[in-house]
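Geometric and topological summary
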Amino acid sequence: MKKVRIISLIALAIGIIITTDLGLNYFNSTFIEQHDGIVCSGLFARLYFGDNNWTIFGFYQAFSYSVIVTTLILFENIVLSIIAIATKQNL
């Protein structure tokens, strides 16, 4: 159980980093006037989108999917913590 919790916490940390990066990229891309067009400013956004298919909707969709996945991982961590507290297995 401890290994599962540790792996889940690592997945949550990675998810938060990716979600933050994709969120900053999406919000930065909405300022079209300042950048003279759509820009791809995030590291993970560049890895995901490459040099093509840059649309604000695409950036938003990637960000929203990332938020959903990270939220699910967060709920998984909460459930695992409750189970560990209930069975008195502290991390």
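Residues numbered from 1 in each chain as written. Predicted model: local features only at pLDDT ≥ 70, side-chain atom pairs only at ≥ 80, totals over all residues. Heavy atoms only, no water.

**Let's talk about the packing of aromatic side chains**
- Throughout the structure, instances matching the rule amount to 4 aromatic pairs.
- Summarising the aromatic geometry, the rings of Tyr 26 and Phe 27 are spaced 5.1 Å apart at their centres and angled 55 degrees between planes, so their arrangement reads as tilted.
- Tyr 26 gets classed as buried once you look at its relative accessible area, which sits at 16%.
- Seen from their ring centres, Phe 27 and Phe 63 are 6.0 Å apart, and the 65 degrees between their planes marks the pair as edge-to-face. Taken together, the positions of Phe 27 in helix α1 (residues 2-29) and Phe 63 in helix α4 (residues 56-86) put the pair 36 residues apart, joining distant regions of the chain. (Phe/Tyr/Trp six-rings, centres within 6.5 Å; stacked < 30°, edge-to-face > 60°. Buried < 20%, exposed > 50% of the residue type's maximum accessible area, 1.4 Å probe, protein only. Helix = DSSP H or I, 4+ residues; strand = E, 2+ residues; numbered from the N terminus.)

**So, the confidence of the model for the chain**
- With 87% of its residues at a pLDDT of 70 or more, the chain shows a mean pLDDT of 83.
- Mean pLDDT values over the elements of the chain span from 64, in helix α2 (residues 32-35), up to 90, in α4. (pLDDT = per-residue confidence, 0-100.)

**Describing the environment of Leu 22**
- Structurally, Leu 22 is set in helix α1.
- A residue is classified by how much of its surface remains accessible, and Leu 22, at 9% relative accessible area, is buried.
- Along the sequence, Leu 22 and Ala 62 sit 40 residues apart, while their C-alpha atoms lie 7.1 Å from each other.
- Those residues in contact with Leu 22 that lie beyond four places of it in its chain are Phe 44, Ala 45, Ala 62, Phe 63 and Ser 66. (Contact = heavy atoms within 4.5 Å.)

**Observations concerning the side chain of Thr 19**
- Examined against the element boundaries, Thr 19 turns out to sit in helix α1.
- At 2.5 Å, the side chain of Thr 19 forms a polar contact with the side chain of Ser 66.
- When neighbours within four sequence positions are excluded, Thr 19 is seen to be in contact with Phe 63, Ser 66, Val 67 and Thr 70. (Polar contact = N/O pair within 3.5 Å; in protein donor to acceptor, adjacent residues only side chain to side chain.)

**Some words on the environment of Phe 57**
- Relative to the helices and strands, Phe 57 resides in helix α4.
- Residue class for Phe 57 comes out exposed when judged on its relative accessible area of 56%.
- For Phe 57 and Thr 30, which are 27 residues apart along the polypeptide, the C-alpha to C-alpha distance reads 9.8 Å.

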